[in-house]
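Letter by letter, the chains look like this.
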Amino acid sequence: MFGYIKVNKDELKVKEYNVFKSYYCGLCMTLKSEYGYFSRFGLNYDSVFLALLLSSVSGDKYDCDRKICIAHPLNKKPIMKTNQSLSYSAAVMIILALLKLEDDIKDEHSIKSALLYFALLKAKRKVKKNYGPLYKVCSEQINKLSVLEKNNCCDIDELSDTFANILKILFVPDFIENEETKRILAHIGYMLGRFIYILDAYEDIKKDKIKKNFNPFLASDNIPKTENILELLTFNLSSIANSYELLDIKINKPILDNIIYLGLS
C-alpha cells in the first residue's frame, strides 16, 4: 500500500516476530500463486497488517508450512498457508498498486510506472475478474481525488476524506459477517486513510515544491506548523486505537497491539 505501517521489531518477542514474518512470507507466496511473479515487488507491511487484522477478527486458523523461498534459498522459513484474509489482502495490494501506477502514468508520464504496469497486466485481468466491483469503486474514488488535485483543491479535509473512503471500503471484505465488526473496520480504514494522506502530503512539501507537483499545503500558501500537523495526526491515531479496542481480536493480539500503538506512532 503506502509504507507508513510498520512493526516495532524490538518490542516483539521472537516468537511473535516469527509469526509476523510468516504472514509476510505467506502474503508473498499468495501473490505469486494468484497474480504471478511480478506482483510481489509491491509487497509491503501495510498489506501484511491488513491480512493480520482480518485474520484476527475472522478467526482464521494459524496454519504454517516450513519452506524455502527465493529470498532464503538455504533455510526453510515458516510460511502462512493461503487463507481468505491473505487472498483478499493480496487482491487489495494489487488494486492499490495498479491505481497508483495508472495515476503516475497519467500525471507524470513515468516510464518506470508504465513498465511496471505492463508487467501487472495479467494480475489486473485476474483481480478485475474476481473483484470487479471493488476495483471499480476504488478507481472512481481515485479519479475523484485526481480531479480535486488538478483543480488545486487546498482543502485537506476534503482531499483526505476522498482518499480515506478508499481504505474504508477496502477494510471490509465480504467474508466479515458481523455488522459491528464491519462498522469498526470501516472506521479504522477511514481514519488510517486520512492519516496516510495528510502525513504523505506534509512529508512531500519540499519535494513537491522542487518538482512543482501538486501539494494541498503548497496550494493553500499556508503551510501549517509541524506541531499543528502532529496534533491532527495524533487525533487520527487516537481514533484508530479507540476503534481497535472495540474489536474482538481472536489471534495475534500482541502483534497488532505493537503495530497500532508503536508502528504507527
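Okay, so let's go over this structure. (Residues numbered from 1 in each chain as written. Predicted model: local features only at pLDDT ≥ 70, side-chain atom pairs only at ≥ 80, totals over all residues. Heavy atoms only, no water.)

### Some remarks on the packing of aromatic side chains
Piece 1. All chains considered together, the criterion is met by 13 aromatic pairs.
Piece 2. Where F20 meets Y45, the ring centres are 5.2 Å apart and the plane angle is 75°; that geometry is what we call edge-to-face. Here F20 is found in helix α1 (residues 14-35), whereas its partner Y45 is found in helix α2 (residues 45-58), with 25 residues between them in sequence.
Piece 3. Judged by its relative accessible area of 29%, Y45 is partly exposed.
Piece 4. With a centroid separation of 5.9 Å and an interplanar angle of 80°, the aromatic rings of Y37 and F41 are classed as edge-to-face.
Piece 5. For Y37, a relative accessible area of 40% puts it in the partly exposed group.
Piece 6. What links up through ring pairs into an aromatic cluster is the set Y17, F20, Y24 and Y45.
Piece 7. Taking NZ or CZ as reference, K21 lies 4.7 Å from the ring centre of Y24, over its face.
Piece 8. Seen from the ring of Y35, K126 lies directly overhead, with NZ or CZ sitting 5.8 Å from the centre. (Phe/Tyr/Trp six-rings, centres within 6.5 Å; stacked < 30°, edge-to-face > 60°. Helix = DSSP H or I, 4+ residues; strand = E, 2+ residues; numbered from the N terminus. Buried < 20%, exposed > 50% of the residue type's maximum accessible area, 1.4 Å probe, protein only. Lys NZ or Arg CZ within 6 Å of the ring centre and 35° of its normal.)

### A closer look at the layout of surface pockets
Piece 1. Volume-wise, the largest pocket comes out at about 1500 Å³.
Piece 2. Surrounding the largest pocket, 45 residues form its lining, K100, D103, D104, E108 and D200 being those nearest its centre.
Piece 3. For the lining of the largest pocket, the secondary structure elements donating two or more residues are α3 (84-108), α4 (111-119), α5 (121-150), α7 (179-203) and α8 (205-211).
Piece 4. Of all the elements, α3 adds the most residues to the lining of the largest pocket, at eleven residues.
Piece 5. Taken together, the residues of the lining of the largest pocket sort by class into 23 nonpolar, nine polar and 13 charged. (1 Å grid on protein atoms, 1.4 Å probe; cavity = no way out; pocket = protein on both sides within 12 Å on 5 of 7 lines; lining within 4 Å. Points joined across faces, edges and corners; volume = space filled by probe spheres on them. Nonpolar A, V, L, I, M, F, W, Y, C, P; charged D, E, K, R; others polar.)

### Focus on the environment of T181
Piece 1. If you trace the backbone, T181 turns up in helix α7.
Piece 2. Overall, T181 belongs to the buried group, its relative accessible area being 16%.
Piece 3. Distance from T181 to V57, taken between C-alpha atoms, is 7.9 Å for residues 124 residues apart in sequence.
Piece 4. Those residues in contact with T181, other than ones at most four positions away along the chain, are V57, I176 and L247. (Contact = heavy atoms within 4.5 Å.)

### Quick look at the nonpolar core
Piece 1. One finds F49, L170, L192 and L247 to be the most contacted residues of the largest nonpolar core, which totals 81 residues.
Piece 2. Listing elements by their share of this core, those giving two or more residues are α1, α2, α3, α5, α6 (156-170), α7, α10 (226-244) and α11 (253-263).
Piece 3. In terms of residues, this core owes the most to one element, α7, which gives 13 residues. (Core = buried A, V, L, I, M, F, W, Y, C linked by side-chain atoms within 4.5 Å.)

### Quick notes on the side chain of N236
Piece 1. Checked against the element boundaries, N236 lands in helix α10.
Piece 2. When sequence neighbours within four positions are dropped, the list of residues in contact with N236 reads M191, R194, F195 and I198.

### Topic: the pattern of salt bridges
Piece 1. Tallied over the full model, the rule gives ten salt bridges.
Piece 2. Note that D157 and R194 form a salt bridge whose closest N and O atoms lie 3.0 Å from each other. Highlighted residues: D157 in helix α6 and R194 in helix α7, separated in sequence by 37 residues.
Piece 3. For D157, a relative accessible area of 42% puts it in the partly exposed group.
Piece 4. For R194, a relative accessible area of 11% corresponds to the buried category.
Piece 5. In this structure, K250 and D248 form a salt bridge, with 3.5 Å as the shortest nitrogen-oxygen distance.
Piece 6. A residue is classified by how much of its surface remains accessible, and K250, at 46% relative accessible area, is partly exposed.
Piece 7. Judged by its relative accessible area of 52%, D248 is exposed.
Piece 8. Among the charged side chains, a network of salt bridges with common partners joins D63, D65 and K81. (Salt bridge = Lys/Arg side-chain N within 4 Å of Asp/Glu carboxyl O.)

### Description of the packing of α2 against α7
Piece 1. Orientation of α2 relative to α7, taken along the N-to-C sense of each, is 165°, at an axis distance of 12 Å. With respect to each other, α2 and α7 are oriented roughly antiparallel. Relative to α7, α2 is oriented so that their crossing is right-handed. Listed contacts from α7 to F49, L53, L54 and V57 of α2 are T181, L185 and L192.
Piece 2. Here the contact of α2 with α7 is built from residues that sort into six nonpolar, one polar and no charged. (Axes fitted to C-alpha atoms, helices over the stretch in contact; angles between N-to-C directions. Parallel < 35°, antiparallel > 145°, perpendicular 65-115°, else oblique. Left-handed = near helix turned anticlockwise from the far one by under 90°.)

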